[in-house]
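Chains, contacts and geometry: an overview
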Amino acid sequence: MSEPRFLVVRLGSLGDIVHTFPAVAGLRQSFPRAEIIWLAHPRWVNLVVSSGLASEIWPVDSRDLANVRQIIAKIRAQNWDAAIDYQGLWKSALLPFLAGVSKRIGFSSETIREFGVPVLYTNPVHAHATHIADQNGELSLQAGAQSAVGPVKLKSERI
C-alpha cells in the first residue's frame, strides 16, 4: 500500500498558518511517510519550511491569474488522497475544486466564515472545538489522522 498524498491549503496569514501547524503535525504524526504538499502565499513559504511538516511547498499568489492557472494544472496532474482546506475561503476552496481533487475536506457552513464555500467540499466538517487550532485538527481527523493535532518545532536557518 502506497503512502497517502495530501494537499494542504492554507495560503496565509502569519497567525493563521501558525494555527494550522498543529493540525498538519497531527497528520504528519499519523502518516510519517506521507507526501504533504502545502499551498502557501509566496510571503509565507519560509515559515512553512521552518515547520518541517510539508514535503513540498507550492507558492500561490491568488492575485496572479497565470500563477493560479499553473497551480491548478500542477494539482490536476497528480493523484491525491485528499485536499484539506484549512483556510475556508473561496480563493482557497476553489483551487482543489477546479483541479478536480476527488476528496476535498473543509469546514461546514456552521463553522466557515464565507457564505457558500462548503458547496465546494465533498467532506464538510462541522467543527466543535473552540480554538481554531483544534478546529483545524478536526479536518485532519476527517483526512484519516489518528491525532487531531501534534507537536510543532520551528527550525531557524542561521546565516
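The structure we're discussing is the one just above.
A brief look at the structure comes next.

Reading the values: the criteria
Throughout this description, residue numbers start from 1 for each chain and increase along the sequence as written. Only residues with pLDDT of 70 or above have their local features reported here, since the model is predicted, and side-chain atom pairs are shown and tallied only from 80 upward, although totals for entire chains, interfaces and linings are computed over all residues. For side-chain calculations, the full set of non-hydrogen atoms in the structure is used, while hydrogens and water are omitted. Helix axes are fitted to C-alpha atoms over the stretch in contact, other axes to C-alpha atoms as well, and angles between N-to-C directions run from 0 to 180 degrees. A helix here means a DSSP run of H or I that spans at least four residues, while a strand means a run of E at least two residues long, and both kinds are numbered starting from the N terminus. Roughly parallel means an angle under 35 degrees; roughly antiparallel, over 145; roughly perpendicular, 65 to 115; everything else is oblique. Should the near helix be turned counterclockwise from the far one by less than a right angle, the crossing is left-handed, whereas a clockwise turn marks it as right-handed. Residue contacts are defined here by distance: any two heavy atoms, one from each residue, within 4.5 Å place the two residues in contact. Any residue outside Ala, Val, Leu, Ile, Met, Phe, Trp, Tyr, Cys, Pro, Asp, Glu, Lys and Arg is labelled polar, Gly included; the first ten of those are nonpolar and the last four are charged. What counts as a salt bridge is simple: a side-chain nitrogen of Lys or Arg found within 4 Å of a carboxyl oxygen of Asp or Glu. Throughout, exposure labels follow a simple rule: accessible area from a 1.4 Å probe, protein chains only, divided by the maximum for the residue type, with under 20% read as buried, over 50% as exposed, and the rest as partly exposed. Strand pairing requires that DSSP identify at least two bridges connecting the strands. Note on handedness: a clockwise path from strand one over the helix to strand two, with the strands aimed away from the viewer, defines a right-handed crossover. Note on terminology: a nonpolar core comprises buried Ala, Val, Leu, Ile, Met, Phe, Trp, Tyr and Cys residues joined through side-chain atoms within 4.5 Å.

Let's shift gears to the packing of helix H1 (residues 14–30) against helix H5 (residues 132–142). Remark: H1 packs on H5, axes separated minimally by 8 Å, with the N-to-C direction vectors making an angle of 30°. Considered as vectors, H1 and H5 are oriented roughly parallel to each other. Where H1 crosses over H5, the two elements pack in a sense that is right-handed. Contacts from His19, Thr20, Pro22, Ala23, Val24 and Leu27 of H1 reach H5 at Ile132, Ala133, Asn136, Gly137 and Ser140. Residues that form the contact of H1 with H5 fall into these classes: 6 nonpolar, 5 polar and no charged.

What follows concerns the pattern of salt bridges. Oppositely charged side chains are able to pair whenever their charged atoms sit close together. If you walk through the whole model with that rule in mind, you get 3 salt bridges. Linking glutamate 35 and arginine 5 is a salt bridge whose minimum nitrogen-to-oxygen distance equals 2.8 Å. Pair noted here: glutamate 35 is in strand E2 (residues 35–40) and arginine 5 is in strand E1 (residues 5–9), with a separation of 30 residues, a long-range link. Residue glutamate 35 is classed as partly exposed on the basis of its relative accessible area, which comes to 26%. Take arginine 5: its relative accessible area is 15%, and that puts it in the buried class. Ionic pairing is found between aspartate 16 and arginine 10, a salt bridge with its closest N-O pair at 2.8 Å.

Glancing now at the sheet that holds strand E6 (residues 123–125). The pairing of strands in a sheet comes from backbone hydrogen bonds and takes either a parallel or an antiparallel form. Taking strand neighbours across the sheet as the criterion, the 6 strands line up as E3-E2-E1-E4-E5-E6 in an open arrangement whose pairing is parallel. Every other strand in the sheet has two partners, leaving strand E3 (56–59) and E6 as the edge strands with one partner each. Pairwise comparison of adjacent strand axes, ignoring direction, gives a mean angle of 20° for this sheet. Summarising the sheet, E1 and strand E4 (residues 82–85) pair through 4 bridges and their orientation is parallel. Each bridged residue has a counterpart across the sheet, and for valine 8 the counterpart in E4 is isoleucine 84. Contacting E4, strand E5 (104–107) and E6, H5 runs over the sheet at an angle of about 155° to E5.

Next up on the list: the pairing of E3. The pairing of E2 with E3 spans 4 bridges and is classified as parallel. By the bridge assignment for E3, alanine 40 is matched with proline 59. Once you follow E2 into helix H2 (residues 45–51) and on to E3, the crossover reads as right-handed.

Here we come to the nonpolar core. One broad trend across soluble globular proteins is that nonpolar side chains are buried collectively. Judged by nonpolar contacts, the single largest core of 35 residues is most densely connected at Phe6, Leu27, Trp38, Ile84 and Tyr86. Sorting the residues of this core by element identifies E1, H1, E2, H2, E4 and E5 as the ones contributing at least two each. Discounting chain neighbours no more than four positions away, the residues touching tyrosine 86 are Val8, Val9, Arg10, Thr20, Ala23, Val24, Leu27, Phe107, Asn136, Leu139 and Ser140. One finds Val9, Leu11, Ile37 and Val68 within the second-largest nonpolar core, a separate group that totals 16 residues.

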